[in-house]
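# Observations on the model geometry
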Amino acid sequence: MTASLHERARISIIIPALNEACVIGITLGELQSMRQRGAEVILVDGNSSDETVAVASRLVDKVLSVPPGRASQLRAGLAEARHPVIWFLHADTRVPQDADIAIDTALHAGSEWGRFDVRLSGNRSVFRLVERLMNARSCLTGICTGDQGIFVLRETLDRAGGLPDLPLMEDVELSKRLRRLAPPCCLRQTLVTSSRRWESSGVLRTILLMWTLRAAYALGVSPQRLARLYR
């Protein structure tokens, strides 16, 4: 890699958000020590109707407002990012205080991209099984999801063709592109992501929906059709 050690330690954290006022303050609060170590935090708001922007403004380096759509929001943030390491993070995800150091260590060791283990916030025992399966699957297949906090060297992302502009499955497509260049680093530090969708829609129903979407995408169904099904 051509980036210097100092440059590798500097991370641009890109967070897409839409009506996340109830959780965004907690997520951003845990990133403040990383900002002090040189990371920049970019919040890309999808025209929220709540107080997301007001809550986030004092806790980030940049706030962007664009039409809603996770991939398009991420791409807008990427266009504004200044640092050579990119970390895509969900608005409802809680991170360990040393997550940036873990990323830096992985990149120093020669990795070009990777993800964290994930833990769902709910206390139900079925969530522990879901987590183990999610983490094992992503390491075995090299396909990582957005809630696992994908990080990547900017130059590697550029070589992979950038962030896919898709209405759904942008994380799966990005993983496919990146794994052609290098295997992911599967960090065992844990990100805690909200289980609210699982709890509101039902665990079994959510699992079936996610696997149906991924199988359909693998079979060539367009992301546009899958996005309609997801909604």
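These figures come from a predicted structure and were not determined experimentally.

So, how was this worked out
- Residues numbered from 1 in each chain as written.
- Predicted model: local features only at pLDDT ≥ 70, side-chain atom pairs only at ≥ 80, totals over all residues.
- Heavy atoms only, no water.
- Helix = DSSP H or I, 4+ residues; strand = E, 2+ residues; numbered from the N terminus.
- Rg over C-alpha atoms; globule rule 2.2 N^0.38 Å.
- Buried < 20%, exposed > 50% of the residue type's maximum accessible area, 1.4 Å probe, protein only.
- Areas by Shrake-Rupley, 256 points an atom, 1.4 Å probe, with all protein chains shown as cover.
- pLDDT = per-residue confidence, 0-100.
- Contact = heavy atoms within 4.5 Å.
- Axes fitted to C-alpha atoms, helices over the stretch in contact; angles between N-to-C directions.
- Parallel < 35°, antiparallel > 145°, perpendicular 65-115°, else oblique.
- Left-handed = near helix turned anticlockwise from the far one by under 90°.
- Nonpolar A, V, L, I, M, F, W, Y, C, P; charged D, E, K, R; others polar.
- Core = buried A, V, L, I, M, F, W, Y, C linked by side-chain atoms within 4.5 Å.
- Disulfide = S-S within 2.5 Å.
- Phe/Tyr/Trp six-rings, centres within 6.5 Å; stacked < 30°, edge-to-face > 60°.
- Lys NZ or Arg CZ within 6 Å of the ring centre and 35° of its normal.
- Pairing = 2+ DSSP bridges.

### Section: the overall build of the protein chain
Scanning the protein chain from terminus to terminus reveals 12 helices and 8 strands. By the compact-globule yardstick of 17 Å for 231 residues, the protein chain fits well, its C-alpha radius of gyration being 17 Å. Counting every position in the protein chain, which comprises 231 residues, the buried fraction comes to 54%. Summing over all exposed atoms, the protein chain offers an accessible surface of approximately 10,600 Å²; the carbon and sulfur share of this is 54%.

### Some words on the confidence of the model for the protein chain
Caution is warranted with low-pLDDT regions, since their predicted coordinates should not be read in detail. On average, the protein chain scores 91 in pLDDT, and the residues at 70 or more come to 95%. Below pLDDT 50 for its whole length, residues 1-8 participates in 17 contacts with residues either more than four positions away or in separate chains.

### A few points about the packing of helix α7 (residues 125-141) against helix α11 (residues 203-218)
Between α7 and α11, whose axes approach to 11 Å, the crossing angle comes to 15°. The angle between α7 and α11 falls in the class roughly parallel. Classified by chirality, the crossing of α11 by α7 is left-handed. Residues Val126, Phe127, Val130 and Arg137 of α7 form the contact with α11, whose participating residues are Val203, Ile207, Trp211 and Arg214. Here the contact of α7 with α11 is composed, by residue class, of 6 nonpolar, no polar and 2 charged.

### What about the nonpolar core?
Counting 30 residues, the largest nonpolar core has Ile13, Ile15, Leu28, Leu31, Trp87, Phe116 and Phe151 as its most contacted members. No other element matches the 5 residues that helix α6 (residues 99-108) contributes to this core. Not counting the four nearest positions on each side in its chain, Phe116 is found in contact with Trp87, Ala99, Ala102, Ile103, Gln148, Gly149, Phe151, Leu187, Gln189 and Leu191.

### Here's the deal with the state of the cysteines
With the rule as written, the count across this model stands at 1 disulfide. What pairs with Cys139 in a disulfide is Cys186, and their sulfur atoms sit 2.2 Å apart. Of this pair, Cys139 sits in helix α7 while Cys186 sits in strand β8 (residues 185-193); the two residues are 47 residues apart in sequence, bridging distant segments of the chain. By relative accessible area, which is 28% here, Cys139 ends up partly exposed. For the unlinked cysteine Cys144, the closest cysteine sulfur is that of Cys186, found at 6.0 Å.

### Examining the packing of aromatic side chains
Taken as a whole and assessed by the stated rule, the structure comprises 2 aromatic pairs. A network of ring pairs unites the aromatic residues Trp87, Phe116 and Phe151 as a single cluster. Stacked on the ring of Phe127, the Lys or Arg Arg124 has its end atom at 5.8 Å from the ring centre.

### Remarks on the pairing of strand β1 (residues 11-17)
One face of the sheet, then the other: side chains in a regular strand alternate in exactly this way. With respect to burial, β1 is a largely interior element, 7 of its 7 residues being buried. Here β1 shows no split at all, with Ile11, Ile13, Ile15 and Ala17 on one side and Ser12, Ile14 and Pro16 on the other all buried. The pairing of β1 with strand β4 (residues 85-88) spans 4 bridges and is parallel. Residue Ser12 lies in a different strand from β4, and its bridge partner there is Ile86. Bridge count between β1 and strand β2 (residues 40-45): 6 bridges; the pairing is parallel. Note that in β2 the partner of Ala17 across the bridge is Asp45.

### Comments concerning the sheet that holds β2
What holds strands together in a sheet is hydrogen bonding between their backbones, with the strands either parallel or antiparallel. Taken in spatial order, the 8 strands of this open sheet run β3-β2-β1-β4-β7-β6-β8-β5, and their pairing is mixed. One side of each edge strand has no neighbouring strand; the edge strands of this open sheet are β3 (62-65) and β5 (93-94). Pairing geometry for strand β6 (residues 113-120) and strand β7 (residues 151-153), over 2 bridges, is antiparallel. Its bridge partner being in β7, Gly114 is matched across the sheet by Phe151.

### Quick notes on α6
For α6, a buried count of 7 out of 10 residues is recorded, marking the element as mostly surrounded by other parts of the structure. Buried within α6 are the following residues: Ala99, Asp100, Ala102, Ile103, Asp104, Ala106 and Leu107. Positioned one or two residues after α6, Gly110 has a phi angle of 115°, which is positive.

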